[in-house]
Amino acid sequence: MSAKIMGESIQACRKKLGMNQAELALVSGTGVRFISDLENGKATCQLGKTLRVLESLGLEVKLKPKGEK
(Lines give C-alpha, C1' and ligand atoms only; values in the text may rest on other atoms or scores of the structure.)
Protein backbone atom coordinates (compact mmCIF):
# COMPACT_ATOMS: atom_id res chain seq x y z
CA MET A 1 0.00 0.00 0.00
CA SER A 2 1.31 3.43 -0.84
CA ALA A 3 1.03 6.54 1.31
CA LYS A 4 -1.26 8.00 -1.37
CA ILE A 5 -3.68 5.07 -1.23
CA MET A 6 -3.68 5.08 2.58
CA GLY A 7 -4.37 8.82 2.59
CA GLU A 8 -7.25 8.45 0.16
CA SER A 9 -8.71 5.64 2.29
CA ILE A 10 -8.43 7.72 5.45
CA GLN A 11 -10.09 10.67 3.78
CA ALA A 12 -12.94 8.52 2.45
CA CYS A 13 -13.55 6.99 5.88
CA ARG A 14 -13.48 10.40 7.57
CA LYS A 15 -16.02 11.77 5.12
CA LYS A 16 -18.23 8.68 5.47
CA LEU A 17 -18.29 9.31 9.22
CA GLY A 18 -19.30 12.94 8.57
CA MET A 19 -16.16 14.39 10.13
CA ASN A 20 -14.07 17.30 8.96
CA GLN A 21 -10.29 17.40 9.29
CA ALA A 22 -10.41 19.54 12.44
CA GLU A 23 -12.71 17.06 14.19
CA LEU A 24 -10.50 14.12 13.25
CA ALA A 25 -7.42 16.00 14.44
CA LEU A 26 -9.12 16.65 17.78
CA VAL A 27 -10.24 13.07 18.43
CA SER A 28 -6.91 11.61 17.31
CA GLY A 29 -4.74 14.04 19.25
CA THR A 30 -3.01 15.39 16.16
CA GLY A 31 -3.16 18.65 14.24
CA VAL A 32 -5.15 19.67 11.19
CA ARG A 33 -1.92 20.06 9.19
CA PHE A 34 -0.97 16.46 10.02
CA ILE A 35 -4.40 15.19 8.87
CA SER A 36 -4.07 17.18 5.65
CA ASP A 37 -0.57 15.84 4.98
CA LEU A 38 -1.69 12.29 5.75
CA GLU A 39 -4.73 12.47 3.47
CA ASN A 40 -2.56 13.93 0.70
CA GLY A 41 -0.20 10.95 0.86
CA LYS A 42 2.83 12.59 2.44
CA ALA A 43 5.18 9.64 2.82
CA THR A 44 7.07 11.10 5.79
CA CYS A 45 4.10 11.31 8.19
CA GLN A 46 4.88 9.89 11.62
CA LEU A 47 3.81 6.29 12.05
CA GLY A 48 2.61 6.69 15.65
CA LYS A 49 0.33 9.58 14.77
CA THR A 50 -0.90 7.74 11.69
CA LEU A 51 -1.85 4.74 13.82
CA ARG A 52 -3.74 7.01 16.24
CA VAL A 53 -5.72 8.47 13.33
CA LEU A 54 -6.56 4.99 12.05
CA GLU A 55 -7.68 3.95 15.54
CA SER A 56 -9.85 7.07 15.82
CA LEU A 57 -11.59 6.11 12.58
CA GLY A 58 -12.11 2.51 13.67
CA LEU A 59 -9.57 1.22 11.15
CA GLU A 60 -6.75 -1.23 11.68
CA VAL A 61 -3.62 -2.25 9.82
CA LYS A 62 -3.07 -5.90 8.99
CA LEU A 63 0.27 -7.11 7.69
CA LYS A 64 0.57 -10.01 5.27
CA PRO A 65 3.11 -11.18 2.72
CA LYS A 66 2.78 -9.51 -0.67
CA GLY A 67 0.58 -11.45 -3.04
CA GLU A 68 -1.24 -13.29 -0.26
CA LYS A 69 -4.99 -12.84 -0.35
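In what follows, the accompanying structure is described. Quick caveat: nothing in here was measured; it's all calculated off a predicted structure.

## A short note on the overall build of the protein chain
Looking only at helices and strands, the protein chain has four helices and zero strands in total. Listing the helices and strands of the protein chain from first to last along the sequence gives α-α-α-α. Relative to the 2.2 N^0.38 estimate, which gives 11 Å for 69 residues, the radius of gyration of the protein chain is 12 Å and therefore close to what a compact globule would have. Principal-axis analysis of the C-alpha atoms places the extent of the protein chain at approximately 35 × 25 × 15 Å.

## As for the packing of helix α3 (residues 32–39) against helix α4 (residues 47–56)
Interaxial distance between α3 and α4 falls to 11 Å at its minimum, and their mutual angle equals 90°. Taken together, α3 and α4 sit at an angle that is classed as roughly perpendicular. Contact with α3, carried on its side by F34, I35 and L38, involves K49, T50 and V53 of α4 and no other residues of that element. Residues that form the contact of α3 with α4 fall into these classes: four nonpolar, one polar and one charged.

## As for the environment of E55
Residue position: E55 is located in helix α4. Residue E55 is classed as exposed on the basis of its relative accessible area, which comes to 62%. In this structure, the C-alpha to C-alpha distance between E55 and M19, residues 36 residues apart in sequence, is 14 Å.

## A word on α4
Taken together, the buried positions of α4 are T50, V53 and L54. Here the buried residues of α4 occupy an arc of 100° about the axis, which is enough to place them on one side. Summarising the contacts, the buried residues of α4 are in contact with α1 (3–16), α2 (21–28) and α3. Count one or two residues on from α4 and you reach G58, which has phi positive near 80°.

## Focus: the layout of surface pockets
Where empty space is left in the structure can be found by rolling a water-sized probe over the atoms. What the largest pocket holds in volume is close to 330 Å³. For the largest pocket, the full set of lining residues is M1, M6, S9, I10, L54, L59, E60, V61, K62, L63 and K64. It is α1 that contributes the most residues to the lining of the largest pocket, three residues altogether. Of the residues assigned to the lining of the largest pocket, the class counts are seven nonpolar, one polar and three charged. Lining the second largest pocket are 13 residues, with M6, L38, C45, L47 and T50 sitting closest to its centre. Where the lining of the second largest pocket is concerned, the elements lending two or more residues are α1 and α4. The element best represented in the lining of the second largest pocket is α4, accounting for four residues.

The rules behind these values
- Residues numbered from 1 in each chain as written.
- Predicted model: local features only at pLDDT ≥ 70, side-chain atom pairs only at ≥ 80, totals over all residues.
- Heavy atoms only, no water.
- Helix = DSSP H or I, 4+ residues; strand = E, 2+ residues; numbered from the N terminus.
- Rg over C-alpha atoms; globule rule 2.2 N^0.38 Å.
- Axes fitted to C-alpha atoms, helices over the stretch in contact; angles between N-to-C directions.
- Parallel < 35°, antiparallel > 145°, perpendicular 65-115°, else oblique.
- Contact = heavy atoms within 4.5 Å.
- Nonpolar A, V, L, I, M, F, W, Y, C, P; charged D, E, K, R; others polar.
- Buried < 20%, exposed > 50% of the residue type's maximum accessible area, 1.4 Å probe, protein only.
- Arc of directions from axis to C-beta.
- 1 Å grid on protein atoms, 1.4 Å probe; cavity = no way out; pocket = protein on both sides within 12 Å on 5 of 7 lines; lining within 4 Å.
- Points joined across faces, edges and corners; volume = space filled by probe spheres on them.

Bear in mind that shape data such as this cannot, by itself, settle questions of function.
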